[in-house]
Amino acid sequence: MAGDWTASRFSGEFSADTKQNLRDLYSNRCAICRQRYESPFGHPETEAAHIHPAQHGGPDRETNGLLLCRRCHWGFDSGWLSLDGDRRIVVAGDETVSGYDYFNQFRDQSLLTPSTADLRPAERFIEVHRKLFGFEPIERGDRLTIGGLRSGELSLADGRRVCIEGAPDEALVVNCTVTAVGSEQVRCAHHRTLETRPATGPEIPDTPFDNTTEVSFDELSNRIQELKDDYVGVTQKWEWGRIFRKARIKSGLSYEEIAEKIDLEGASGLQIERSERVYEMFPEREFEEDGLSYSAIAELQRVFDSTDDIRVAYDCIIETGHPLTVKETRVWVEIMMADADVTREIVREEVETYEELRRGDPSESVRRILEVHAKYESAYEWE
Ligand SMILES: [Zn+2]
Ligand SMILES: [Zn+2]
Ligand SMILES: [Zn+2]
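Parameters and conventions
- Residues numbered from 1 in each chain as written.
- Chains lettered and ligands numbered in written order.
- Predicted model: local features only at pLDDT ≥ 70, side-chain atom pairs only at ≥ 80, totals over all residues.
- Heavy atoms only, no water.
- Donors = N, O, S within 2.8 Å, 3.2 Å for Na, K, Ca; no water.
- Tetrahedral: all angles 85-135°; square planar, octahedral: opposite > 155°, others 65-115°.
- Helix = DSSP H or I, 4+ residues; strand = E, 2+ residues; numbered from the N terminus.
- Domains from an automatic or database assignment.
- UniProt positions renumbered as here; feature names shortened; annotations may be inferred.
- Axes fitted to C-alpha atoms, helices over the stretch in contact; angles between N-to-C directions.
- Left-handed = near helix turned anticlockwise from the far one by under 90°.
- Contact = heavy atoms within 4.5 Å.
- Nonpolar A, V, L, I, M, F, W, Y, C, P; charged D, E, K, R; others polar.
- Buried < 20%, exposed > 50% of the residue type's maximum accessible area, 1.4 Å probe, protein only.
- Arc of directions from axis to C-beta.
- Parallel < 35°, antiparallel > 145°, perpendicular 65-115°, else oblique.
- Polar contact = N/O pair within 3.5 Å; in protein donor to acceptor, adjacent residues only side chain to side chain.
- Salt bridge = Lys/Arg side-chain N within 4 Å of Asp/Glu carboxyl O.

*Asks:* Report on the coordination of the zinc ion (ligand 1), specifying residues and quantitative values.
*Replies:* The zinc ion (ligand 1) binds to the protein through Cys-30 (SG), Cys-33 (SG), Cys-69 (SG) and Cys-72 (SG); the donor distances cover 2.3 Å. Viewed at the metal, the 4 donor atoms of the zinc ion (ligand 1) are separated by angles of 102 to 116°, and the geometry they form is tetrahedral. Each donor residue of the zinc ion (ligand 1) lies on the same chain, and together they follow the pattern C-x2-C-x35-C-x2-C. In this pair, Cys-30 sits in the loop between α1 (16-25) and β1 (47-50) while Cys-69 sits in the loop between β2 (65-68) and α2 (70-78), placing the two residues 39 residues apart along the sequence.

*Asks:* Describe the environment of Gln-225, naming the residues involved and giving the relevant values.
*Replies:* Relative to the helices and strands, Gln-225 is located in helix α5 (residues 217-230). Along the sequence, Gln-225 and Pro-114 sit 111 residues apart, while their C-alpha atoms lie 59 Å from each other.

*Asks:* Could you give me a rundown of the domain arrangement of the chain, with the residues and numbers involved?
*Replies:* According to the domain assignment, the chain consists of domain 1 (16-196), domain 2 (201-287) and domain 3 (306-383). One C-alpha centre belongs to domain 1, the other to domain 3; they are set 53 Å apart.

*Asks:* Please provide a residue-by-residue account of the UniProt feature "domain: HNH nuclease" (unreviewed entry) in the chain, values included.
*Replies:* Look at the UniProt record and you will see "domain: HNH nuclease" (unreviewed entry) annotated at residues 30-84. The annotated region residues 30-84 carries 16% helix and 20% strand content, and the separation between its end C-alpha atoms amounts to 18 Å.

*Asks:* Can you tell me about the packing of helix α7 (residues 255-262) against helix α8 (residues 269-281), naming the residues and giving the values?
*Replies:* Running from N to C, α7 and α8 cross one another at 115°; their axes reach a closest spacing of 8 Å. Judged by the twist between their axes, the crossing of α7 over α8 is right-handed. Across from Tyr-255, Glu-256, Ile-258 and Ala-259 in α7, the residues of α8 making contact are Gly-269, Leu-270, Ile-272, Glu-273 and Glu-276. In the contact of α7 with α8, the residues fall into 5 nonpolar, 1 polar and 3 charged.

*Asks:* Lay out α2 with the relevant residues and their values.
*Replies:* Turning to α2, its buried residues number three or more, namely Cys-72, His-73, Gly-75 and Phe-76. Summarising the axial view, the buried residues of α2 lie within an arc of 160°, below the 170-degree limit, and thus occupy one face. Exposed side of α2, more than 90 degrees from the buried face: Arg-70 and Trp-74 are the residues found there. At its buried positions, α2 is contacted by β1, β2, β3 (81-83), α3 (100-104) and α4 (123-132).

*Asks:* Give me the coordination of the zinc ion (ligand 2): which residues, what numbers.
*Replies:* Tetrahedral coordination by four donors places them ideally at 109.5 degrees to one another around the metal; octahedral coordination by six donors ideally gives 90 or 180 degrees. Summarising the metal site, the zinc ion (ligand 2) is bound by the protein donors His-73 (NE2) and Asp-77 (OD), whose distances to it range over 1.9 to 2.1 Å. In this structure the zinc ion (ligand 3) is found 3.0 Å away from the zinc ion (ligand 2), and His-73 serves as a bridging donor for the pair. Of this pair, His-73 and Asp-77 both sit in helix α2, 4 residues apart, which is roughly one turn of the helix. Since its relative accessible area comes to 39%, Asp-77 is described here as partly exposed.

*Asks:* I'd love a proper account of the packing of helix α9 (residues 294-303) against helix α11 (residues 326-337), names of residues and values included.
*Replies:* It is at 9 Å that the axes of α9 and α11 come closest, and there the two elements cross at 5°. The angle between α9 and α11 falls in the class roughly parallel. On α11, the residues touching Ser-295, Ala-296, Glu-299, Leu-300, Arg-302 and Val-303 of α9 are Val-326, Thr-329, Arg-330, Trp-332, Val-333, Glu-334, Met-336 and Met-337. Among the residues forming the contact of α9 with α11, the class breakdown is 8 nonpolar, 2 polar and 4 charged.

*Asks:* Explain the environment of Arg-34 residue by residue, including any values.
*Replies:* Within the secondary structure layout, Arg-34 lies in the loop between α1 and β1. Expressed as a C-alpha distance, the spacing of Arg-34 and Ala-298, which sit 264 residues apart in the sequence, is 56 Å. If near-sequence neighbours (up to four positions away) are discounted, Arg-34 is found in contact with Arg-29, Ser-110, Leu-111 and Leu-112. Within the structure, the side chain of Arg-34 is placed 3.2 Å from the backbone oxygen of Ser-110, a separation counted as a polar contact.

*Asks:* Could you give an account of the pattern of salt bridges, with specific residues and numbers?
*Replies:* All told, the structure shown has 29 salt bridges when counted by the stated rule. Arg-88 is the partner of Asp-86 in a salt bridge, and the nearest nitrogen-oxygen pair spans 3.7 Å. Exposure remark for Arg-88: the relative accessible area of 34% places this residue in the partly exposed category. Salt bridges sharing common partners tie together Glu-123, Arg-130, Lys-131, Glu-136 and Asp-142.

This is the structure:
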């Protein structure tokens, strides 16, 4: 029965091994149209395509894969193409839609046979593909392995929504049984959760302006206040930066103008600019919660103009395994801003000017700063 197995893990992509094996199995040729284009540097166009889609729990293995050219891959992922029980090509029937003539030329042709016959596409994955992409009806009692719950956008290629009753909130991929089939919705009963939303990595919430062209500054102001209440430090600035960046792009206003519009304590033009730079530094939100403090990052922002340079400096500090304090960061930044050489003597002199560092362990501070600086220098050595 379709989908009656367990997916080992939510993979998303084929591993490098599986991709290479698929290239070898099909000799870099598209399994549907047989074409084999290459770049001027000899790189083949073809790519590994899932049969049972990865977001629906399709496993990372050769028998769930095909090697396809870009157009056939799109046709296979969009509902134009599928396979029948004898691995012959099936084409969707809509003659009036642009694309039909192209794909229809492959109708009933057989799929290219891979060099190792037992690694040809498995029947059970093909069956899921036919059901998910509308080549075979989904019926009451069907057992499906289905996912895409991460985005909450669980729908079939034909637009029908899939509703899985009893699935826990954190489920990403589940085994379920179809209980009712309608024209707009397919209802299923949850059987087993195969893949769970990872506990780590906070969910990135939607921003308020994703679907609007106009920015409501009341809404913006409320959201910024909320983030101020919910988060501190780098996390707060990152969240701010993400929203301010969108607001600025949509409104066309400057940092200062946005600050005036929302009129919120702590959200000056300068702070808005800095928060956007924090956001830019960590496009995947990949900062360490207990890494360098925001105040220390702000020090780095004073000396380095480009986000990339700040990020390099940040990474150097993190790599040493002990984040600099704000004052230590300031010492490093001050020396660089003065265009002085970062020598032991100068660092010590500068460290001595801060009461807080004098009372601590000044030699240790000097050592840390020199260590970070050496790392930073070596990062640019190849230039
Ligand atoms: Zn092709
Ligand atoms: Zn695909
Ligand atoms: Zn793909």
